Amino acid sequence: MKTILVIAGTRPEAIKVAPVIAELRARAMLNVRLCVTAQHRHMLDQVLDIFDLKADTDLDLMTPGQSLPELASRLLDRLPAAVATAKPSCVMVQGDTTTAFIGALTAFYQQVPVAHIEAGLRTRDPYAPFPEEINRRLVGQIARWHFAPTEKARQNLLREGVPTKQVYVTGNTVIDALLTTAQTVQGLPDELQPQPGQQMILVTGHRRENFGPGIRNLCAALKEIAGAFPNARIIYPVHPNPNVREPVSRLLSGISNIQLIDPVDYPTFVALMLECRFIITDSGGVQEEAPALGKPVLVTRDATERPEAVEAGFARLVGTNTDAIVRAARQLLTDERLYARMSTVENPFGDGRAAERIADVLENDLLAELH
Ligand code: UD1
Ligand code: UDP
């Protein structure tokens, strides 16, 4: 048996590793262990519950309003024992969070090879997204297996000198999670059901580079859209980070067609995506899921590491300028031809079989070491 230790800490990491864990667990000669850092707590637990995942180790590290160095130092303190105890042949990390970066660094210090899921995403701007662009480049320096979701991501890695034979284009595992979950979606609870004639706009946001003016501008735009379109219903599951929650509740509470809610579990969020007319977000995962559900996305960022979304035609980078957001939302609410164009595209992020491809590679390479 060969042991793979999966390290995950946040909501999107858990969603994106869940299908891979399920697939690896189906392989007889692989032993999969899950270490959660709990960089997120409630939002992580929501995902573990839905996917019926139990952590073998839970470091329970989240503190309210944690800073990047505080979290990184707690991870550096606690992860080495988790890795040493599991004695893995491979450590698997996903994406570009602090958990992913310090997880990879910890594995490197113990000379354990690292598998990186969602490898090769780049904006080439170190501060966009911050600190994720540098986190993922650093994981890329350490990883032995680079599982790139798209051909563009593969090209980014090759350009940085990663050997071709270490890069695999797999699709994004979020599509695996989404397609499985979409089959089980029951519909929305009564309080989230739109009234007849309402057009739902779904909103999320949490990027550090948007803290301050970016979030305030977004709120001003949402307020303006809600006022100009009384039949629009804006549903906004608000990220619990105090840097998001405080300005959003201060600026948007009490507006009748804006509904601020706590983060919802994954099936409910999938149901909201299915129900809405379009999405306004700075989320990475949501940009990947939207085309699979035929939903246009206004991306409140100046740069994206997912250029496939813009090229496919379902996503528009609108930044955080209030007027630009209002203008783009107005078009999506009123211009049916534009809407039809942006909601019927081919999903560039995968076919729902990424986990299988990743498991095939790891099973083959790790078991070859046994012979
Ligand atoms: C992190 C990741 C980001 C990812 C995002 C997904 C880093 C540097 N950033 O950002 O890449 O896109 O997660 O959401 O790793 N909080 C709670 N309960 C929770 C989760 C968070 O209260 O379940 C609050 C806490 O106050 C916490 C704060 O949110 O301190 C920030 O969490 P943190 O993981 O540091 O940053 P995110 O902005 O969530
Ligand atoms: N999501 C969720 N509940 C919510 C909001 C989002 O389950 O209330 C899911 C969403 O479908 C996507 C993931 O969380 O799969 C995105 O997480 P987030 O935006 O926090 O992080 P990012 O993808 O930007 O790293």
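Residues numbered from 1 in each chain as written. Chains lettered and ligands numbered in written order. Predicted model: local features only at pLDDT ≥ 70, side-chain atom pairs only at ≥ 80, totals over all residues. Heavy atoms only, no water.

**What about the site of ligand 2?**
- With respect to spatial proximity, 16 residues lie near ligand 2, and among them Arg11, Val264, Ser283, Gly285 and Glu289 are the closest.
- Separating an oxygen atom of ligand 2 from a side-chain N or O atom of Arg207 is a distance of 3.2 Å.
- Gly285 places a polar main-chain atom, nitrogen or oxygen, 2.7 Å from an oxygen atom of ligand 2.
- When residues of the shell around ligand 2 are traced back to their parent elements, those giving at least two are α1 (11–25), α10 (266–275) and α11 (284–289).
- Looking at which element gives the most residues to the shell around ligand 2, the answer is α11, with 4 residues.
- Of the residues that constitute the shell around ligand 2, the class distribution is 9 nonpolar, 4 polar and 3 charged. (Near = heavy atom within 4 Å. Polar contact = N/O pair within 3.5 Å; in protein donor to acceptor, adjacent residues only side chain to side chain. Helix = DSSP H or I, 4+ residues; strand = E, 2+ residues; numbered from the N terminus. Nonpolar A, V, L, I, M, F, W, Y, C, P; charged D, E, K, R; others polar.)

**Looking at the pairing of strand β5 (residues 114–117)**
- Judged by which residues are buried, β5 turns out to be covered on both faces: Val114 and His116 on one side and Ala115 and Ile117 on the other are all buried.
- When strand β4 (residues 90–94) meets β5, the two strands line up parallel, connected through 4 bridges. Bridging from a neighbouring strand, Val93 pairs with His116 of β5.
- For the segment spanning β4, helix α4 (residues 98–109) and β5, crossover handedness is right-handed.
- Bridging between β5 and strand β6 (residues 145–148) involves 3 bridges; their strand directions are parallel. Residue pairing across strands places His116 opposite His146, the latter belonging to β6.
- The β-α-β motif built from β5, the intervening helix α5 (residues 132–142) and the parallel element β6 has right-handed crossover chirality. (Buried < 20%, exposed > 50% of the residue type's maximum accessible area, 1.4 Å probe, protein only. Pairing = 2+ DSSP bridges. Right-handed = clockwise from strand over helix to strand, strands pointing away.)

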